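Each chain is listed here by its residues.
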Amino acid sequence: MGMSLIFGVVASSALIVGALIGVRFELPKRLLAILLSFAAGALITALSFELFEDAYRQGGIWRAALGLLAGAVVFTALSALLDRWAQPGAGATPADEFQGSAKLDTDAAAAEKAPSSVSTRGAAGMALLAAVTLDGVPENIALGVALGEGTGGLALLAAIFVSNLPEALVGAASMRSQGKSTGAVMGLWAVCAALLVVAVVVGAGPLSGADPETISFPLAFAAGAVIASLADTLMPEAYEHGGPAVALSTAAGFVLSFVLSLA
């Protein structure tokens, strides 16, 4: 249990670090895109080898496939609602016409451009906070399950960390653009971080003793939520603004996460 608490704190600390950077600094937009694409590469490894493969081994292909599809459907449906929340009003841009992600407005954290109206009028920061929580809970439960079963989890830990940091950075910057105080922004992200720590402990505690078929579904569900978040949020924003460098940073994230999965 002590190890699961340490892993949970490490994974969730990226939210605090990212939020602190987001409320205090503005970074080059290309650097933000590279961070996002690196996170995407790391998550590809984690969902393939730490989540879906384990789900398949413990529950079989049908249970794993259904769990993955369920996770993707739930994330996609709730993400669509969050996109509407992020850009309220009759003049909101339709989701299929929005450049990048409606939730992930990197202009709010970038030095080159002023924040978009999504950040200053809407609720992009809060929507991104909700999205991080939505895919973070199953990810962190899966991390706890891996620890409880003694299967490592280093690759998943690294992937969660590197994805949490840029998302919290951009989300906190959006909240700052809306005029929220530093204390309020940091408090919101701290609550999210605490919730995700609890998710790791739950995964390593009550769920770790469950039978393999029971564990299979939440692992696959987490994989589905992660792959949907990649396609819906991280990759669109990274590839919209990062240029050719994001291809290399995605590959670097994949390699690092894969090497850690072998440890």
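Sequence order sets the numbering: in each chain, residues are counted from 1 along the sequence as written. Reporting of local features is limited, given that this is a predicted model, to residues whose pLDDT is at least 70; pairs of side-chain atoms are given and counted only at 80 or more, and all residues count toward the totals for whole chains, interfaces and linings. In computing side-chain properties, one takes all heavy atoms of the structure into account and sets aside hydrogens as well as water.

Structural notes on the nonpolar core
Step number 1: Ranked by size, the top nonpolar core spans 34 residues in total, and within it L51, L143, L156 and L230 carry the most contacts.
Step number 2: Runs of H or I in DSSP of at least four residues are treated as helices and runs of E of at least two as strands, each being numbered from the N terminus. Of all the secondary structure elements, the ones that give two or more residues to this core are helix 1 (2-24), helix 2 (29-86), helix 4 (124-148), helix 5 (154-177), helix 6 (182-204) and helix 7 (212-241).
Step number 3: Counting residues per element, this core draws most heavily on helix 2, at eleven residues.
Step number 4: We call two residues in contact when some of their heavy atoms are within 4.5 Å. Look past the residues within four positions of L156 in its chain and what remains in contact with it is A46, E50, L51, E139, A142 and L143. Buried residues of nine kinds, namely Ala, Val, Leu, Ile, Met, Phe, Trp, Tyr and Cys, make up a nonpolar core once their side-chain atoms join them within 4.5 Å. Each residue's exposure class comes from its accessible area (1.4 Å probe, protein chains only) as a fraction of the maximum for that residue type: buried when under 20%, exposed when over 50%, partly exposed otherwise.

A closer look at the environment of S177
Step number 1: Counting through the fold element by element, S177 comes out in helix 5.
Step number 2: The sequence separation of S177 and V23 amounts to 154 residues, and the corresponding C-alpha distance is 8.9 Å.

Considering the pattern of salt bridges
Step number 1: Salt bridges are defined as contacts in which a side-chain nitrogen from Lys or Arg sits within 4 Å of a carboxyl oxygen from Asp or Glu. Per the stated rule, a full pass over the model turns up three salt bridges.
Step number 2: A salt bridge links R57 to E53; the shortest N-O distance between them is 2.9 Å. Taken together, the residues R57 and E53, both in helix 2 and four residues apart, mark about one turn of the helix.
Step number 3: Taking the relative accessible area as the measure of exposure, R57 reaches 62% and is therefore exposed.
Step number 4: A salt bridge links E213 to R63; its shortest N-O distance comes to 3.4 Å. Of this pair, E213 sits in helix 7 while R63 is found in helix 2, placing the two residues 150 residues apart along the sequence.
Step number 5: Accessibility expressed as a relative area gives 43% for E213, which makes it partly exposed.
Step number 6: A relative accessible area of 32% places R63 in the partly exposed class.

Looking at the packing of helix 1 against helix 6
Step number 1: To define axes, lines are fitted to C-alpha atoms, for helices over the stretch in contact only, and angles between the resulting N-to-C directions are given on a 0 to 180 degree scale. Close contact between helix 1 and helix 6 brings their axes to 8 Å; oriented N to C, the two are set at 160 degrees. As far as their axial angle goes, helix 6 and helix 1 are roughly antiparallel. Here helix 1 runs over helix 6; the crossing is right-handed. Side by side, helix 1 and helix 6 meet where S4, L5, G8, V9, S12, L15, I16, A19, L20 and V23 of the first sit next to T182, V185, M186, W189, A190, C192, A193, L196, V197, V200, V201 and A204 of the second.
Step number 2: Residue type decides the class: Asp, Glu, Lys and Arg count as charged, Ala, Val, Leu, Ile, Met, Phe, Trp, Tyr, Cys and Pro as nonpolar, and the leftover types, Gly among them, as polar. Tallied by class, the residues present in the contact of helix 1 with helix 6 amount to 18 nonpolar, four polar and no charged. Orientation categories follow fixed angle ranges, with anything under 35 degrees roughly parallel, anything over 145 roughly antiparallel, 65 to 115 roughly perpendicular, and all other angles oblique. It is the rotation of the near helix from the far one that decides the hand of a crossing: anticlockwise by less than a right angle makes it left-handed, clockwise makes it right-handed.

Side note on helix 6
Step number 1: With 23 residues, helix 6 extends 33 Å from end C-alpha to end C-alpha; this agrees with the ideal 33 Å at 1.5 Å per step.
Step number 2: Taken as a whole, helix 6 has its buried residues at V185, M186, W189, C192, A193, L196, V197, A199, V200, G203 and A204. Each residue after the first adds 1.5 Å to the expected span of a helix.

Some words on the environment of E167
Step number 1: The residue E167 is located in helix 5 in this model.
Step number 2: Looking at E167, the relative accessible area reads 6%, which means it is buried.
Step number 3: Distance from E167 to L129, taken between C-alpha atoms, is 8.2 Å for residues 38 residues apart in sequence.

Thoughts on the side chain of S229
Step number 1: If you trace the backbone, S229 turns up in helix 7.
Step number 2: Any N or O atom pair separated by 3.5 Å or less is treated as a polar contact, with the protein-specific requirement of one donor-capable and one acceptor-capable atom, and with residues adjacent in sequence counted only for side-chain atom pairs. Of note is the side chain of S229, whose polar atom sits 2.7 Å from the backbone oxygen of V226.
Step number 3: The residues contacting S229, other than those within four sequence positions of it, are F75, D135 and L234.

Some points on the packing of aromatic side chains
Step number 1: Side-chain rings of Phe, Tyr and Trp, where Trp is taken by its six-membered ring, are said to pair if the distance between their centres is within 6.5 Å; with planes under 30 degrees apart they count as stacked, over 60 as edge-to-face, and otherwise as tilted. Tallying each qualifying case throughout the model produces three aromatic pairs.
Step number 2: Considering the side-chain rings of F49 and F258, the 5.3 Å spacing of their centres and the 70 degrees angle between planes classify their relative orientation as edge-to-face. Taken together, the residues F49 in helix 2 and F258 in helix 8 (residues 245-261) connect sequence positions 209 residues apart.
Step number 3: For F258, a relative accessible area of 30% puts it in the partly exposed group.

Regarding the confidence of the model for the protein
Step number 1: The score called pLDDT rates the predictor's confidence residue by residue, from a low of 0 to a high of 100. Per-residue confidence for the protein averages 80 on the pLDDT scale, and 81% of its residues sit at or above 70.
Step number 2: Averaged over each element, pLDDT in the protein is lowest for helix 3 (residues 117-120) (48) and highest for helix 6 (92).
Step number 3: Segment residues 118-122: pLDDT under 50, and 21 contacts once partners within four positions in sequence are set aside and those in other chains are kept.

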